[in-house]
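Residues per chain are reported as follows:
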Protein chains: 2
Amino acid sequence: MKPVLARVEAVLMADHGVKSFETRRLAEAELDFGGIRGDRHFGMTAKADVRQPEYPRGTEIFNRRQLTIVSAEECAAIAEALGIPQVKPEWLGANLLLSGLPDLTALPLGSRMIFESGAGLNGQGENFPCREPGELVQANHPDHPKVASRFVKAAYRKRGIVCFVERSGIVRPGDAVRIWVNDGTLQ
Amino acid sequence: MKPVLARVEAVLMADHGVKSFETRRLAEAELDFGGIRGDRHFGMTAKADVRQPEYPRGTEIFNRRQLTIVSAEECAAIAEALGIPQVKPEWLGANLLLSGLPDLTALPLGSRMIFESGAGLNGQGENFPCREPGELVQANHPDHPKVASRFVKAAYRKRGIVCFVERSGIVRPGDAVRIWVNDGTLQ
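Note that the structure is predicted; figures quoted are calculated from it, not measured.

Some points on the packing of aromatic side chains
Scanning the entire structure with this criterion turns up six aromatic pairs over all chains. Their ring planes at 25° and their centres at 4.8 Å tell us that A:F62 and B:F62 sit as a pair that is stacked. Here B:F62 lies in strand β6 (residues 60–62) and A:F62 lies in strand β6 (residues 60–62), a pairing that spans two chains. Of the two residues, A:F62 and B:F62, both sit in the buried class. Ring pairs connect the aromatic residues A:F62, A:F164, B:F62 and B:F164, which therefore count as one cluster.

Spelled out as structure tokens, the structure:
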């Protein structure tokens, strides 16, 4: 197997407190086991919520959703579907913006993304669109009608993935990323 | 989605030291984040080895292989392929023996196994057969020729899965297990 090569366009975090999921750009980020320290999704564990109905709400479970990743190509496709100039990764609460892997959302579970520092992320599948990012996209486009209500459909299968840190290290904008797409043989 | 129902036939651990992977039966086990404390595969992290060539050998990575699970049906199929009376989970270094899910090895990544205590495991895919368990099966069948050399082929796609603890709790022989087979919608 050979890795797919992609590129880190932006590294971001949400540290505005629990009221906002909006992220801001960083010069670099240290990926620790658990995610980006200080980010609202940081932690080796998290509380089960409506997304994990297999567990009672509020119980402590392993955090597979430490970081979210979106692709520049899919953000552009969402913007096009909504008829707006752009969809920023900040508005989606993304921690990484990649380019060069257009179908990021379809990346199979267990795929590995390895950065120049040696840091590694393990892909944990599609991040299903929810309403809140659509409201933030709408707030940034007051002249465009019904952006919020059309967001979930427009972003379906383009919303990127969640992942956990498999190996710690630094990640920086401009980094090359080697992506080992899991074909069922990755261990 | 509805869960598949299976049953815990045995709970086992390897605590003979690092020289042996053979497991022994327990009356019950506490699943912690990291696995079964005292088991040779316990840990939130582990060193990358030959199974993870995407990482330099020996670097600390998240441990997706905290426990291994085999099915009674697949153990019986391996024994049949080898022409021997039985293949015990002990010889495969398994931590759990399940019945009622014949195709355990095919369980998709991200599937959830929930036990009566509420403990949960997250399936991380097929455990590819290696030579050592075949040698232990052979040692227990001295009258049967070439069991060791035929093991890897006989056990292919029947060797069970690895998993990590998603929610802590007790697991006991006789427990019912609800298995949520990941169809791409589990978050």
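Looking at the interface of chain B and chain A
Counting residues at the interface gives 34 residues for chain B and 34 residues for chain A. The largest per-residue losses of area from chain B upon contact with chain A belong to B:E54, B:Y55 and B:Q187, which jointly make up 27% of the total buried on that side. Linking B:E54 and A:R112 is a salt bridge whose minimum nitrogen-to-oxygen distance equals 2.8 Å. For the pair chain B and chain A, the number of links is 12 residue pairs in polar contact (both at pLDDT 80 or more). Of all the elements in the fold, those that place two or more residues in the side of chain B that touches chain A are β6, β9 (112–115), β10 (120–126) and β11 (161–167) of chain B. When the residues that make up the side of chain B that touches chain A are grouped by side-chain class, the tally is 14 nonpolar, 12 polar and eight charged.

Topic: the relation of the copies chain B and chain A
For the match of chain B to chain A, the screw axis carries a shift of 0.0 Å, the RMSD comes to 0.0 Å, and the turn is 180°. As the rotation angle and translation indicate, the two copies are arranged about a two-fold axis. Across chain B, the rotation axis passes nearest the C-alpha of B:L109, at a separation of 3.3 Å. A shared binding surface is used by both copies, with 100% of the interface residues of chain B retained as interface residues in chain A.

Looking at the sheet that holds strand β3 (residues 29–32) of chain A
Residues and elements named next belong to chain A. Taken in spatial order, the three strands of this open sheet run β4-β3-β12, and their pairing is antiparallel. Of all the strands in the sheet, the pair left with one neighbour each is β4 (35–36) and β12 (169–171). Of the pairings in the sheet, the one linking β3 to β4 comprises two bridges and is antiparallel in character. Bridge assignment links D32 to a residue of β4, and that residue is G35.

Looking at the pairing of β9(B)
Residues and elements named next belong to chain B. What you see with β9 is no split at all: R112 and I114 on one side and M113 and F115 on the other are buried throughout. Inspection of the sheet shows β9 paired to β10 by three bridges, in the antiparallel sense. Among the inter-strand pairings, R112 is bridged to a residue of β10, identified as N122. Counting the residues that bridge the hairpin from β9 to β10 gives four residues, and of these G118 lies at a positive phi of roughly 100°. The pairing of β9 with strand β13 (residues 176–180) spans four bridges and is classified as antiparallel. Paired with R112 across the strands is W180, a residue of β13.

Details of the UniProt feature "domain: MOSC" (unreviewed entry) in chain A
Sequence positions flagged by UniProt for "domain: MOSC" (unreviewed entry) are, in local numbering, residues 23–180 of chain A. Secondary structure over residues 23–180 of chain A splits into 18% helix and 31% strand, and the C-alpha atoms at its two ends are 27 Å apart.

What counts and what doesn't
Residues numbered from 1 in each chain as written. Chains lettered and ligands numbered in written order. Predicted model: local features only at pLDDT ≥ 70, side-chain atom pairs only at ≥ 80, totals over all residues. Heavy atoms only, no water. Phe/Tyr/Trp six-rings, centres within 6.5 Å; stacked < 30°, edge-to-face > 60°. Helix = DSSP H or I, 4+ residues; strand = E, 2+ residues; numbered from the N terminus. Buried < 20%, exposed > 50% of the residue type's maximum accessible area, 1.4 Å probe, protein only. Contact = heavy atoms within 4.5 Å. Buried area = accessible area lost by both parts, 1.4 Å probe. Salt bridge = Lys/Arg side-chain N within 4 Å of Asp/Glu carboxyl O. Polar contact = N/O pair within 3.5 Å; in protein donor to acceptor, adjacent residues only side chain to side chain. Nonpolar A, V, L, I, M, F, W, Y, C, P; charged D, E, K, R; others polar. Least-squares fit on C-alpha atoms with pLDDT ≥ 70 in both. Pairing = 2+ DSSP bridges. UniProt positions renumbered as here; feature names shortened; annotations may be inferred.

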